[in-house]
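# Understanding the architecture of this molecule
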Amino acid sequence: MIDTDNWDWEPGRKTVADLSLWQESYSYTEEFFASPDGETVAAIVRNEDEEFTVATQAPGKEIQPWENAYEKVWNLKYGPEGRLSALISDMAEWTVSTDDVPWENTFDFVWNMALTPAGDHIAVSAQKELQYSAVIDDRPWETQFSRLTGMALSQDGKHTAAVVETVQVLEAEIFKFRKGCYSVAIDGTPWKQTFMNVWEPCFSKDASHVAASVRTNYQDYTIAVDGKAWDRNYSSVWAPLFSPTDDTLIAPVKENGRWFLATDGGKVWDASFCQLWHPAYSQDGNRIAAIVAPDFGLWTVAVDGIAWEATFNEFLTDLVLSPDGQRAGCVFKHDGMWGVAVDGKPWQGRFDMAWKPVFSRDGNHVAAKVETNGSYTVVVDGIPLDRSFSRLEAPIFSPDGSRLLLRGVEKDVFYREIVDLG
Amino acid sequence: MTDSTAVPDKGTDDQGILTGVEQLSPEKIERIINEVLSSETGAKLKVYVDTCVSCGLCSEGCHFYLSRDKDPKFSPAAKVKQTMWEIMRKKGKVSPEFIKKAAVVAYTQCNLCKRCAMYCPFGLDIAYVLSVMRRICHRLGVVPLYIQDTAHSHSVTGNQMWVKDDEWVDTLMWQEEEARDEVPNLRIPLDVEGADTFYSVIGPEPKFRAQLIYQAAMIMTAAGEDWTMPSTPGWDNSDMCMFTGDYEMMERLKKMHFEAATRLKAKRIVMGECGHAFRSVYDMGNRALGWKMPPIPIVHAIEYYHELFSQDKIKIKKKFDRPVTLHDPCNIVRGRGLHEMARSVVNSTCKTFIEMTPNREHNYCCGAGGGVINCGPPFKNARVESTKIKAEQLFAAKAKGAEVVIAPCHNCHGGLEDVIHHYGVDMELKFLGDIIYEIMEIPE
Ligand code: SF4
Ligand code: SF4
Ligand code: SF4
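As the structure is a computational prediction, the values presented were derived from the model and not from experiment. (Residues numbered from 1 in each chain as written. Chains lettered and ligands numbered in written order. Predicted model: local features only at pLDDT ≥ 70, side-chain atom pairs only at ≥ 80, totals over all residues. Heavy atoms only, no water.)

## Some points on the domain arrangement of chain B
How big an interface is tends to be stated in terms of the accessible area lost upon association of its parts. Residues and elements named next belong to chain B. Rules: Domain borders in the structure are assigned automatically or taken from a domain database. Two parts placed together each lose some accessible area; with a 1.4 Å probe, that loss summed over both constitutes the buried area. When a carboxyl oxygen of Asp or Glu is within 4 Å of a side-chain nitrogen of Lys or Arg, the pair counts as a salt bridge. Here a polar contact is recorded for every N or O atom pair within 3.5 Å, except that within protein the pair must consist of a potential hydrogen donor and a potential acceptor, and residues adjacent in sequence are included only if both atoms are side-chain atoms. The numbering of helices and of strands both runs from the N terminus, where a helix is a DSSP run of H or I of at least 4 residues and a strand a run of E of at least 2.
Examined at the domain level, chain B breaks down into domain 1 (15-143), domain 2 (149-309) and domain 3 (317-439). Taking only C-alpha atoms, the centre of domain 2 and the centre of domain 3 are 22 Å apart. Across the domain 2 to domain 3 interface the summed buried area is about 2500 Å²; carbon plus sulfur atoms make up 65%. Along the contact surface separating domain 2 from domain 3 lie 2 salt bridges. A salt bridge links Arg336 to Glu303; the nearest nitrogen and oxygen atoms lie 3.0 Å apart. Counting the contacts that link domain 2 with domain 3 gives 12 residue pairs in polar contact (both at pLDDT 80 or more). Secondary structure elements with two or more residues in the side of domain 2 that touches domain 3: helix H10 (210-222), helix H13 (276-288) and helix H14 (301-310).

In structure tokens form, the structure reads like this:
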């Protein structure tokens, strides 16, 4: 949900930072990240006092380190609106800092930093005195748990959910474990129900429901919504997914050795597969695609239950639907090389690596970052651009799809470039 | 096969097995067995069991049999007779007491090392048959306590040792900090998207052997590797669920591991010195998920070290000068044929190399494999008694002058430590990584 309308879409190349100056200024620099609009770069650096901090640079400006420096900094991330956050630590106390403003609460450790699609809320998982909770915008849960994992942040940024241990299991307590000691806590309050295992909690669009995959005993897997398990059990399940428009919930389930796409009470598609995972909805909720293996060792994409004819023999990942849901793209690996396929057709080029395809807003164009012999370029609608970079971020289309923003490094200079696709 | 003679039973005190058996009824046993036989094994198992002509040639292949003064009950064929053969003959109508004994045989009297298969004229894979027995026991809830607990840890944390998400990252940061005393700009790069190499380890490394992560970081840095490790679950490549028979959980674990690497866009996974984890990511787990081969290449530490020396990626100060011998881990030698590469690395790093006999694909298992060591204290004595032949093999290498045993597998380390200690072999154990770290030129 990046608002790209007000960005500078004038074709041309702009120098954002001369990275050789950074090497001169700092004895230690980690990898560079570009802000979404490409107008700044940032990296974790070590300063003259042997402390770690974050430095940024914008075109024509000096390198600007944060005023605060720390014993440790990690997980540096630009939010979609361009704010820069990292996890920081001094004297073994950890917290979050956004644009050099640290939270007031500190913890013994923080990790799993999550941002909302709008970038206006930040959550982390936190540990203090061996008690675990989640924190949104510097506000920790009031309840703590002996174990917490798999934290999810709702889209509106107001709620967190995570898998928690509600009955503490010590090592070797296998019979206690079998009775069910895990649940999902939402904003610190766990479901009343516990399960043998719980994984991958997720929020519905309006955050009124939380679903997760569960195992109730060694043979029975299912999906639980707000603590209540689906009526049917399966021999295995993968992570559930809510529709982006209503409370419909789907999940891949396994029965008699085959995988299906199911909802509570039935199958979504008639077809079954040797494998089915990572379902994805179109924005209007009308279409569903998923990564499937129609036969052992052969991978493709199924849209509304119908698999593409083309199959790939090693791997398929990064499935994405265009905003209008009419088109689907993915990254595949076939005979040892990586490629991009759109609407069932593999693009011609083969690469050492390919990244998730990006659709223009109207769905008419697709671009993907690719790598060959350590240098990167972007392929647009199957045709590679005639430039290459030693480091490159994901391309972004202009609102009308006619131009492309590239953010990358060439010969030690970080550029922001607008390419006219016309 | 003909009827087996009754086997004297000393009984087990393992609470996982005993309590599990208390909760069984003959009906449940029959139902689960027939479910497994009809939907999971197909004709393969029947052919295996029917083809055996009880010739006994496989016996000489098994270190249990050899270590136990050729006690016929420990021959591979007898282990099948005490388990799946009887189950198939009776079509699943066996008693809880039978399941109790079968669980002890399947989980603790076979390392799934596949040595015996080389001695059988029909190439029968006893390890596979006993894996089916384990699968049945898992579904019945009759699993030795310690390995069951490990499988539970896998299911909750994604790793073998109940390591929490924060403890993992904290350990990596701690190792990085220590290593920076030696190399100021060293980094254990967390979640670096687009790095070529994803490095994965097994649960016990952060828990008990963090120095191995330190050493790996030093080696990767010296080699100029573009590498990363994940801050998320999926970092542990090990898999005790594969050995308890919890295949659904094995699938979940392998999915987590491969997706941790592919999410970071790594081109390959380099893994530490572990044998069973290799079997899980290179054979069992990937295939169970529908991948013929791992979705991105898996490079075992031995292959990685071989790459370092054959491509001159690191320099050594001088060769390791104490005489060494090499233990070939079953899972990467019989399972993948890495024995010559291992020898090449040993020769590149050590001055004097003394072979133990037998060696390469004929090497004896350390007795720990197949999850046997993970069944814990209740079975430790029995396990160590079953490695007498291994001790003799080590003594012979020692008599030829070997002082150090290199074992490029975590489990083998555990097993060999017990062998060395129990039989008073008095040899030092090392990983290849220990030796490389000791002799390499430390980067600036
Ligand atoms: S697989 Fe190994 S331990 Fe098992 S019976 Fe065969 S030789 Fe013995
Ligand atoms: S060698 Fe083969 S045929 Fe002979 S007893 Fe062993 S498993 Fe059976
Ligand atoms: S522990 Fe080592 S020797 Fe034993 S089975 Fe595993 S790989 Fe083989």
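## Quick word on the pattern of salt bridges
The cut-off we apply is this: The classification of residues rests on relative accessible area computed with a 1.4 Å probe and restricted to protein chains. Under 20% of the type maximum is buried, over 50% is exposed, and intermediate values are partly exposed.
Within this structure, the stated rule accounts for 61 salt bridges over all chains. Measuring nitrogen to oxygen at the nearest pair gives 2.8 Å for the salt bridge that ties Arg327(A) to Asp343(A). On the criterion of sequence distance, the pair formed by Arg327(A) in the loop between strand S32 (315-321) and strand S33 (328-334) and Asp343(A) in the loop between strand S34 (337-342) and strand S35 (345-346) is long-range, its members being 16 residues apart. Arg268(B) is the salt-bridge partner of Glu225(B), the closest N and O atoms lying 3.3 Å from each other. Taken together, the residues Glu225(B) in the loop between H10 and strand S2 (227-228) and Arg268(B) in strand S3 (residues 268-271) connect sequence positions 43 residues apart. What makes Arg268(B) buried here is its relative accessible area of 15%. When salt bridges that share partners are traced, they join Arg31(B), Glu35(B), Glu40(B), Arg135(B), Arg139(B) and Glu248(B) into one network.

## What about the site of ligand 2?
The criterion, for reference: Any residue with a heavy atom positioned within 4 Å of a molecule or strand is treated as near that molecule or strand. Charged means Asp, Glu, Lys or Arg here, nonpolar means Ala, Val, Leu, Ile, Met, Phe, Trp, Tyr, Cys or Pro, and polar covers whatever is left, Gly included.
Every one of the 13 residues lining ligand 2 counts as a neighbour, but Cys52(B), Cys55(B), Gly56(B), Cys58(B) and Cys120(B) are closest to it. For the shell around ligand 2, the residue count by class is 11 nonpolar, 2 polar and no charged.

## Observations regarding H10(B)
Quick reminder: α-helices carry 3.6 residues per turn. Residues three or four places apart thus point the same way. Residue and element names in this part refer to chain B. Which entries qualify depends on this criterion: Given a helix with a known number of residues, its expected span is that number minus one, times 1.5 Å.
Across its 13 residues, H10 extends 19 Å between first and last C-alpha, which sits within 8% of the 18 Å expected from 1.5 Å per residue. Counting buried residues in H10 gives 10 out of 13 residues, a clear majority hidden from the surface. Along H10, the positions that sit buried rather than exposed are Ala210, Leu212, Ile213, Tyr214, Gln215, Ala216, Ala217, Met218, Ile219 and Met220. Phi turns positive one or two residues past the end of H10, at Gly224, with a value near 70°.

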